[in-house]
Amino acid sequence: MSTEATSDPIRKGALAGLIAALVDQGHPPQYAQVMATSIIFQTDLDLRNAQIASLLNWLKQENENILGLTHSLRK
């Protein structure tokens, strides 16, 4: 984890809260910490994948708009 991420009190609090919730569910603390980290990591990956998919859709639409414009200009 980068120093920026570990120095952010909001991120620290969220991680601690998630670990506490997993411990409350009966998971051992050492496993809860790994589980919480992997949950956050997977959620971050899902968000980034959604952002990339949105960007790719936008680029595809813009590409089609540009191609349509160039075809109409050639006629």
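Predicted model only: the values in this text are computed from it and were never measured.

Visitor: An account of the overall build of the protein chain is needed here, citing residue identities and associated values.
Guide: The helix and strand inventory of the protein chain stands at three helices and zero strands. When the helices and strands of the protein chain are listed from N to C terminus, the series reads α-α-α. Looking at the 75 residues of the protein chain, the share that counts as buried comes to 8%.

Visitor: Residue-level account of the nonpolar core, with values.
Guide: In this structure, Leu-15, Ile-19, Leu-22, Ala-32 and Ala-36 together form the largest nonpolar core, which totals five residues. Among the secondary structure elements, those contributing two or more residues to this core are α2 (9-24) and α3 (29-74). Looking at which element gives the most residues to this core, the answer is α2, with three residues.

Visitor: Give me the pattern of salt bridges: which residues, what numbers.
Guide: Two side chains that carry opposite charge are able to pair once their charged atoms sit near each other. Inspection of the entire model under this criterion finds two salt bridges. One salt bridge in this structure joins Arg-11 and Asp-8, with 3.5 Å as the shortest N-O distance. Note on Asp-8: relative accessible area 24%, which makes it partly exposed. When the shortest N-O distance is used, the salt bridge between Asp-44 and Arg-48 registers 2.8 Å. Here the residue Asp-44 and the residue Arg-48 both occupy positions in helix α3, the gap between them amounting to four residues, near one helical turn. The class for Asp-44 is partly exposed, based on a relative accessible area of 30%.

Visitor: Quick one: what's the story with a nonpolar patch on the surface, residue by residue and with numbers?
Guide: Side chains of Ile-52, Leu-55, Leu-56, Trp-58 and Leu-59 sit close together on the surface and give an oily, nonpolar patch of about 510 Å² of accessible area. Along the chain, the position of Ile-52 falls in helix α3. Residue class for Ile-52 comes out partly exposed when judged on its relative accessible area of 49%.

Visitor: Give a detailed account of α2, specifying residues and quantitative values.
Guide: Helix length check: α2, at 16 residues, gives a terminal C-alpha distance of 22 Å against a target of 22 Å (1.5 Å per residue), a fit within 8%. Restricting attention to buried positions, one finds in α2 the residues Leu-15, Ile-19 and Leu-22. Seen from one end, α2 has its buried residues packed into an arc of 60 degrees, which puts them on one side. In this structure, α2 carries Pro-9, Ile-10 and Asp-24 as exposed residues pointing more than 90 degrees from its buried face. At the N-terminal end of α2, a side-chain oxygen is found 3.0 Å from the backbone nitrogen of Ile-10, two or three residues along, and the residue is Asp-8. The first or second residue beyond α2 is Gly-26, which carries a positive phi of 105 degrees.

Reading the values: the criteria
- Residue positions are given per chain, counted from 1 along the sequence in the order it is written.
- Per-residue local features of the predicted model are confined to residues with pLDDT of at least 70, and side-chain atom pairs are confined, for both listing and counting, to 80 or more; whole-chain, interface and lining totals are unaffected and use all residues.
- Note that water and hydrogens are dropped before the side-chain values are worked out from all heavy atoms of the structure.
- Secondary structure elements follow DSSP: runs of H or I of four or more residues count as helices, runs of E of two or more count as strands, with numbering from the N terminus.
- Only protein chains enter the accessibility calculation, which uses a 1.4 Å probe; a residue is then buried when its area is under 20% of its type maximum, exposed when over 50%, and partly exposed in between.
- Residues belong to one nonpolar core when they are buried, are Ala, Val, Leu, Ile, Met, Phe, Trp, Tyr or Cys, and are joined through side-chain atoms within 4.5 Å.
- Any Lys or Arg side-chain nitrogen found within 4 Å of a carboxyl oxygen on Asp or Glu counts as a salt bridge.
- Patch membership requires more than 30% relative accessible area and the absence of a salt bridge. Residues of like charge join within 9 Å; the nonpolar side chains Val, Leu, Ile, Met, Phe, Trp and Tyr join within 5 Å.
- Only the protein chains shown count as cover for residues, and all accessible areas are computed by the Shrake-Rupley method using a 1.4 Å probe.
- To estimate the expected span of a helix, subtract one from its residue number and multiply by 1.5 Å.
- The directions from the helix axis to the C-beta atoms are what the arc is built from.
- N or O atoms within 3.5 Å of each other form a polar contact, as long as, within protein, one can give a hydrogen and the other can take it, and as long as residues adjacent in sequence are counted only when both atoms are side-chain atoms.

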